[in-house]
Number of protein chains: 2
Amino acid sequence: MTTQAEVAALAFAPLPRRESTAEAVAAALRAQISAGRLAPGAQLREEHLAAALQVSRNTVREAFRLLAHERLVEHALHQGVFVRTVSPDDVRAMYATRRLVEPLGVRGLLTAGPSGVVALKGLDECVWAAEQAAGSGDWHSVGTQDIEFHRALVAAAGSVHLTSMLDGLLAELRLAFLRLPDREALHEPFLDRNRRLVDLLEDGDEAACLAELESYLIAAEAQLLQVVGGPDLAD
Amino acid sequence: MTTQAEVAALAFAPLPRRESTAEAVAAALRAQISAGRLAPGAQLREEHLAAALQVSRNTVREAFRLLAHERLVEHALHQGVFVRTVSPDDVRAMYATRRLVEPLGVRGLLTAGPSGVVALKGLDECVWAAEQAAGSGDWHSVGTQDIEFHRALVAAAGSVHLTSMLDGLLAELRLAFLRLPDREALHEPFLDRNRRLVDLLEDGDEAACLAELESYLIAAEAQLLQVVGGPDLAD
DNA sequence: CGGTAGCGGATTGTTGAGCAATCCAACAAG
DNA sequence: CTTGTTGGATTGCTCAACAATCCGCTACCG
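These figures come from a predicted structure and were not determined experimentally.

About the cut-offs
Residues numbered from 1 in each chain as written. Chains lettered and ligands numbered in written order. Predicted model: local features only at pLDDT ≥ 70, side-chain atom pairs only at ≥ 80, totals over all residues. Heavy atoms only, no water. Helix = DSSP H or I, 4+ residues; strand = E, 2+ residues; numbered from the N terminus. Buried < 20%, exposed > 50% of the residue type's maximum accessible area, 1.4 Å probe, protein only. Contact = heavy atoms within 4.5 Å. Areas by Shrake-Rupley, 256 points an atom, 1.4 Å probe, with all protein chains shown as cover. Lys, Arg positive; Asp, Glu negative; His and termini not counted. Charge placed at Lys NZ, Arg CZ, Asp CG, Glu CD. Buried area = accessible area lost by both parts, 1.4 Å probe. Salt bridge = Lys/Arg side-chain N within 4 Å of Asp/Glu carboxyl O. Polar contact = N/O pair within 3.5 Å; in protein donor to acceptor, adjacent residues only side chain to side chain. Nonpolar A, V, L, I, M, F, W, Y, C, P; charged D, E, K, R; others polar. Near = heavy atom within 4 Å. Pairing = 2+ DSSP bridges. Core = buried A, V, L, I, M, F, W, Y, C linked by side-chain atoms within 4.5 Å. UniProt positions renumbered as here; feature names shortened; annotations may be inferred. Expected span 1.5 Å × (residues − 1). Arc of directions from axis to C-beta. Least-squares fit on C-alpha atoms with pLDDT ≥ 70 in both.

Visitor: Describe in detail the overall build of chain A, supporting the description with residues and values.
Guide: Along the backbone of chain A there are 10 helices and three strands. Sequence-ordered secondary structure for chain A, helices as α and strands as β, is α-α-β-α-α-β-β-α-α-α-α-α-α. On the principal axes, the C-alpha backbone points of chain A span a range of 65 × 55 × 35 Å. A buried classification covers 41% of the 235 residues belonging to chain A. Taking contacts inside chain A between residues at least 6 apart in sequence as the whole, the part at least 24 apart equals 71%. For chain A, the exposed surface amounts to about 11900 Å²; the carbon and sulfur share of it is 54%. Charge centroids of chain A, computed over 22 positive and 33 negative side chains, lie 7 Å from each other.

Here's what the structure looks like:
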């Protein structure tokens, strides 16, 4: 049994924080975008969406602000909002950031004591889930798990700011994934590399981890640049 | 003379991008907040501000969304928006992040070639400006230059994502500064430390730089925690 | 024919009023 | 002292309208 004094002393999660209508609209759009049903570059018209979602135009605008801050859409004054298209420069910037930040996750994970073990287990589960998905040909899920893997890695660095920044960056990265016709060719090689990284982390060999990670990121960037750079030179 | 073909080939800054009314309102509030005229914890009422700024309530709401994303204000559903109050845990999180990120700036600056020299010059100017401000007793400007110094340092890491993340973090940090009655005591010791850091960077002694930086951040965190932790235990 | 100026439709930016939902503080009842 | 209840205030959202701006089209002109 729990006494009242004990109840009062409990530390609660800051807020159950329900979601507003605008947030719900943003979530709906986010889902459509990251599922690829809204192609990069597509314009989102306020009136159209307001009618489709049965909400006011103002509420749609509020949702747009939320998505714009996540960089999933771009807002051009008096022109509208468009699903973000990632340029080659964007890809380079993203991987420049990842090469700086993800090593911090490796260090954090290796120097943390028991919590490092927990984090490592989380990474292992991501790889496992990705392998399962690959087995059943669900390459979209493989991509999701790949992203989840690296998010968890950076989370091990122990900085909420870095983690949430990478959250946004990875969501942006997924936009780039969507432009690839053949997802298997993109994600397949990185399945084994994630597995190997986990193994190296278990061994605790920091130098080897960092080398593997660096090599992973360079390869991923090159592959993605080949995809992103091509089709868009037209516009 | 410049032919039309040459004009077409020029790379322009992405957008002159004028600001919308909502952004102007956000800017006005931002200025009030970081000048300390709006105390942390104070509630911002939509109707009041709409009347005061001669804009619609809807526009004020849009400005709130912008500021909420910058974490300068907190938004509680059906309760309103409040100027953010930074908790001791927030301070600890901010400095945990800075200890991870700022060393990346040092490395970036030292390994960059000619651009590193330029960045170093920028840092030197920040310190110089801070020393000038301190001489005339303008401790608010000293704080601004201190923030600018560390922003420039992280910018040298070469990641737009990291830079913009730190932008937000430092704006948040300034909120914490505002709660301190005696700004001189807060900023004075760090003037010399920034100067010393610049000297070490000029020498190119990476290990010494990192040690000095780490020591700086630990001292700053401790000092800030003493301020932030105290007055707020009451509420 | 290339280039430019202006026109019109479409879309966004902003306003203001209005109503429902929710929170908060004060008060009343057990 | 704790537990409903009530009323006022504030936010969440909607709706309709108007102004500002952009885009594509056409007509004009060297």
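Visitor: How would you sum up the interface of chain B and chain A? Please name residues and give values.
Guide: Between chain B and chain A, the contact holds 31 residues from the first and 30 residues from the second. When chain B packs against chain A, the two sides together hide about 2600 Å² of surface, and 59% of this comes from carbon and sulfur. There are four salt bridges connecting chain B and chain A. Among the salt bridges present, the one from B:R61 reaches A:E62, with a minimum N-O distance of 3.7 Å. Summed over the shared surface of chain B and chain A, the result is seven residue pairs in polar contact (both at pLDDT 80 or more). For the side of chain B that touches chain A, the elements supplying multiple residues, two or more each, are α2 (21-34), α4 (57-69), β2 (73-76), α5 (88-111) and α8 (160-178) of chain B. Of the residues forming the side of chain B that touches chain A, the biggest block, seven residues, is contributed by α5(B). Of the residues in the side of chain B that touches chain A, the class split is 15 nonpolar, eight polar and eight charged.

Visitor: If you had to explain the protein's contact with DNA strand C to someone new, which residues and values would you point to?
Guide: In the region of DNA strand C, 22 residues are neighbours, and A:R18, A:R61, B:T21, B:T59 and B:Q79 sit closest. Here DNA strand C approaches the protein such that, of its atoms within 4 Å, sugar and phosphate make up 72%. In this structure, a base oxygen belonging to DNA strand C sits 2.8 Å away from a side-chain N or O atom of A:R57. Interatomic distance of 3.1 Å between a side-chain N/O atom of A:H75 and a phosphate oxygen of DNA strand C. Those elements giving two or more residues to the surface near DNA strand C turn out to be α4 (57-69) of chain A together with α4 of chain B. Among the residues making up the surface near DNA strand C, the classes are represented as three nonpolar, 13 polar and six charged.

Visitor: Describe in detail the sheet that holds β2(B), supporting the description with residues and values.
Guide: Residues and elements named next belong to chain B. An order of β1-β3-β2 is seen for the three strands of this open sheet, with the pairing classed as antiparallel. Looking along the sheet, the strands with just one partner apiece sit at the ends: β1 (43-44) and β2. Taken together, the four bridges between β2 and strand β3 (residues 80-83) define a ladder with antiparallel strand orientation. Within β3, the residue paired with E74 across the bridge is F82.

Visitor: Lay out the nonpolar core with the relevant residues and their values.
Guide: Grouped together as the largest cluster of nonpolar side chains are 120 residues, with contacts concentrated most on A:L224 and B:L224. Broken down by element, this core gets its largest block of residues, 10 residues, from α8(B). Excluding its chain neighbours within four sequence positions, the residues that come into contact with A:L224 are A:V91, A:Y95, A:L173, A:A176, A:F177 and A:L186.

Visitor: So what's going on with the pattern of salt bridges? Residues and values would help.
Guide: With the rule as written, the count across this model stands at 38 salt bridges over all chains. With its nearest N and O atoms 3.2 Å apart, the salt bridge here joins A:E212 to A:R196. With A:E212 in helix α10 (residues 206-229) and A:R196 in helix α9 (residues 183-203), this residue pair connects regions lying 16 residues apart in the sequence. Take A:E212: its relative accessible area is 5%, and that puts it in the buried class. Put simply, A:E46, A:R57, A:R61, A:R65 and B:E62 are held in one network by salt bridges that share partners.

Visitor: So what's going on with the UniProt feature "domain: HTH gntR-type" (unreviewed entry) in chain A? Which residues, and what values?
Guide: Per the UniProt annotation, the sites labelled "domain: HTH gntR-type" (unreviewed entry) are residues 19-86 of chain A. Taken as a whole, residues 19-86 of chain A contains 51% helix and 15% strand, while its terminal C-alpha atoms sit 29 Å from one another.

Visitor: So what about helix α7 (residues 139-155) of chain A? Which residues, and what values?
Guide: Turn by turn, an α-helix covers 3.6 residues, leaving residues three or four places apart pointing in a common direction. Residues and elements named next belong to chain A. Relative to the 24 Å expected for 17 residues at 1.5 Å per residue, α7 spans 24 Å between its end C-alpha atoms, a close match to the ideal helical length. By the burial criterion, the buried members of α7 are W139, V142, G143, D146, I147, F149, H150, L153 and V154. The buried residues of α7 occupy an angular sector of 150° when projected down its axis, which confines them to one face.

Visitor: Mind laying out the relation of the copies chain B and chain A, listing which residues take part and the relevant values?
Guide: For the pair chain B and chain A, the best superposition has an RMSD of 0.1 Å and corresponds to a rotation of 180° with a translation of 0.1 Å parallel to the axis. With respect to symmetry, the two chain copies, as superposed, fit the operation of a two-fold axis. Mapped onto chain A, 97% of the interface residues of chain B are again interface residues, and the two copies thus contact each other with one and the same surface.

Visitor: Which residues make up helix α3 (residues 46-53) of chain B, and what values go with them?
Guide: Residues and elements named next belong to chain B. Of the positions making up α3, those classed as buried are E46, L49 and A50. End-on, the buried residues of α3 take up no more than an arc of 105°, which puts them together on one face. Across from the buried face of α3, at angles greater than 90 degrees, the exposed residues are E47, H48, A51 and A52. Taken together, the buried residues of α3 touch α2, β1 and α4. The positive-phi residue at the C-terminal boundary of α3 is Q54, with phi of around 65°.

Visitor: So, the side chain of A:E62: which residues are in play, and what are the values?
Guide: Of note, A:E62 is situated in helix α4. On the basis of relative accessibility, which here comes to 13%, the residue A:E62 falls in the buried class. Excluding anything up to four places from it in sequence, A:E62 contacts A:A22, B:R61 and B:R65.

Visitor: Lay out the sheet that holds strand β3 (residues 80-83) of chain A with the relevant residues and their values.
Guide: All names here are of chain A. The strand order across the open sheet formed by three strands is β1-β3-β2, and the pairing between neighbours is antiparallel. Sheet topology places β1 (43-44) and β2 (73-76) at the edges, where each strand pairs with a single neighbour. Alignment of β1 against β3, held across two bridges, turns out to be antiparallel. Within β3, the residue paired with L44 across the bridge is V81.

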